[in-house]
Amino acid sequence: RAKAGGKARYEVFDTSMRDRVVALFQLETDLRRAIDNQELHLHYQPIVSLVNQKIVGFEALVRWQHPQRGAISPAEFIPIAEETGLIVPIGWWVLQQACLQMQLWQAQFAMNVPFKISVNFSAPQFTQPQVGKQIIQILQATGLDAKSLQLELTESVLMEHPEAIAALMEELNALGVSLALDDFGTGYSSLSYLQRFPINILKLDRSFVCRIGKCYQSWEIVRATIMLARALDMEVVAEGIETLEQLARLRGLKCKFGQGYYFSQPVDSTAAGELLAQQFDRLVEVVSRK
Ligand code: C2E
Ligand code: MG
Ligand code: MG
Ligand code: MG
């Protein structure tokens, strides 16, 4: 009896494991075709000045509309893309799409202030040969000024290949591309990394922002990060601002930039263009003619 029960349990486990592996494999296969099938698109989330609530840039966030399963969250498919290397072609597609869109907006609107498009970059993308050249090529092909581009990377990227990435970051920084450390405070890098790499922006992780009014330690971490950034001549962007109270506390700490649902969710390019139209004069009226 004990043996039969054990076997049954074993089989249940076995089947669910197999289902999981099959599902993952299917997702990988589908993702491989997603670019060619035009199932990927970008959403844009405003990054705003906390002083005057004006938009100073957008973060580009990839979206996958699966033909059968509908929208699949990047939290689900980006890790698979990273493990399989598919993030490399996807990442180039994202970068080129984001630069192109930004260049179009610059041609449409009188953006009389520095305004950036911020693009997430994963470790496998940074370790490609010729990655610097490829980024320059995309800037040239899309006609976007390097100063309008910001790349977001996480602490783990820096830790995996510090030398190669330091050299690349110096190269990109010299061109005018800014570099932001994403999800700051959640990784395991030492503070000495902030000195070693030419980082311009710290993106303070949402987990601290969401507890800022509830937990004294989170408030202290935010305060210390803002002071550290100021001392090292970096800017801070607070991620995941959802409430007026969080905004007020961040402003109290003289945090200058933020993003979050309080201001806007990530939106499609049309809606992002409408946000720009509220803030900037139009340079050209776009008239569609048959
Ligand atoms: P991330 O780069 O830290 O992006 C911020 C995430 O927080 C986005 O989730 C955004 O929608 C979400 N968010 C923004 N404001 C709020 C808020 O007020 N409350 C809450 N609860 N969430 C907020 P999303 O778009 O699902 O992306 C998740 C992650 O997937 C990103 O985190 C990034 O690590 C990765 N990712 C997304 N697009 C790309 C991409 O094109 N390339 C790479 N390599 N990674 C990407
Ligand atoms: Mg990001
Ligand atoms: Mg982040
Ligand atoms: Mg994140």
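Anything mentioned here points back to the structure above.
Since we're looking at a predicted model, the values are computed, not measured.

1. Describing the overall build of the chain
Of regular secondary structure, the chain possesses 12 helices and nine strands. Expressed along its principal axes, the backbone C-alpha trace of the chain runs to roughly 75 × 60 × 40 Å. The buried share of the chain, taken over its 290 residues, is 44%. A separation threshold of at least 6 residues defines the contact pool for the chain, and within that pool the share at least 24 residues apart is 68%.

2. Section: the pairing of strand β2 (residues 55-66)
With nine of its 12 residues buried, β2 lies for the most part within the structure. Pairing of strand β1 (residues 40-49) with β2, which is carried by nine bridges, proceeds in the antiparallel orientation. By the bridge assignment, leucine 42 is partnered in β2 with valine 62. Looking at chain direction, β2 and strand β4 (residues 116-120) are connected through four bridges and run parallel.

3. With respect to the site of ligand 1
Around ligand 1, the surrounding shell holds 23 residues, and the nearest of these are Arg63, Ser122, Asp182, Glu242 and Tyr261. A distance of 3.2 Å separates a nitrogen atom of ligand 1 from a polar backbone atom of valine 62. For ligand 1, an oxygen atom lies 2.8 Å from a polar atom in the backbone of tyrosine 261. Relative to its unbound accessible surface of 810 Å², ligand 1 loses 83% to contact with the protein. At the level of secondary structure, the elements contributing two or more residues to the shell around ligand 1 comprise β2, α2 (74-84), α3 (87-108) and β6 (178-184). Its residues assigned to classes, the shell around ligand 1 comprises nine nonpolar, six polar and eight charged.

Definitions and cut-offs
- Residues numbered from 1 in each chain as written.
- Chains lettered and ligands numbered in written order.
- Predicted model: local features only at pLDDT ≥ 70, side-chain atom pairs only at ≥ 80, totals over all residues.
- Heavy atoms only, no water.
- Helix = DSSP H or I, 4+ residues; strand = E, 2+ residues; numbered from the N terminus.
- Buried < 20%, exposed > 50% of the residue type's maximum accessible area, 1.4 Å probe, protein only.
- Contact = heavy atoms within 4.5 Å.
- Pairing = 2+ DSSP bridges.
- Near = heavy atom within 4 Å.
- Polar contact = N/O pair within 3.5 Å; in protein donor to acceptor, adjacent residues only side chain to side chain.
- Areas by Shrake-Rupley, 256 points an atom, 1.4 Å probe, with all protein chains shown as cover.
- Nonpolar A, V, L, I, M, F, W, Y, C, P; charged D, E, K, R; others polar.

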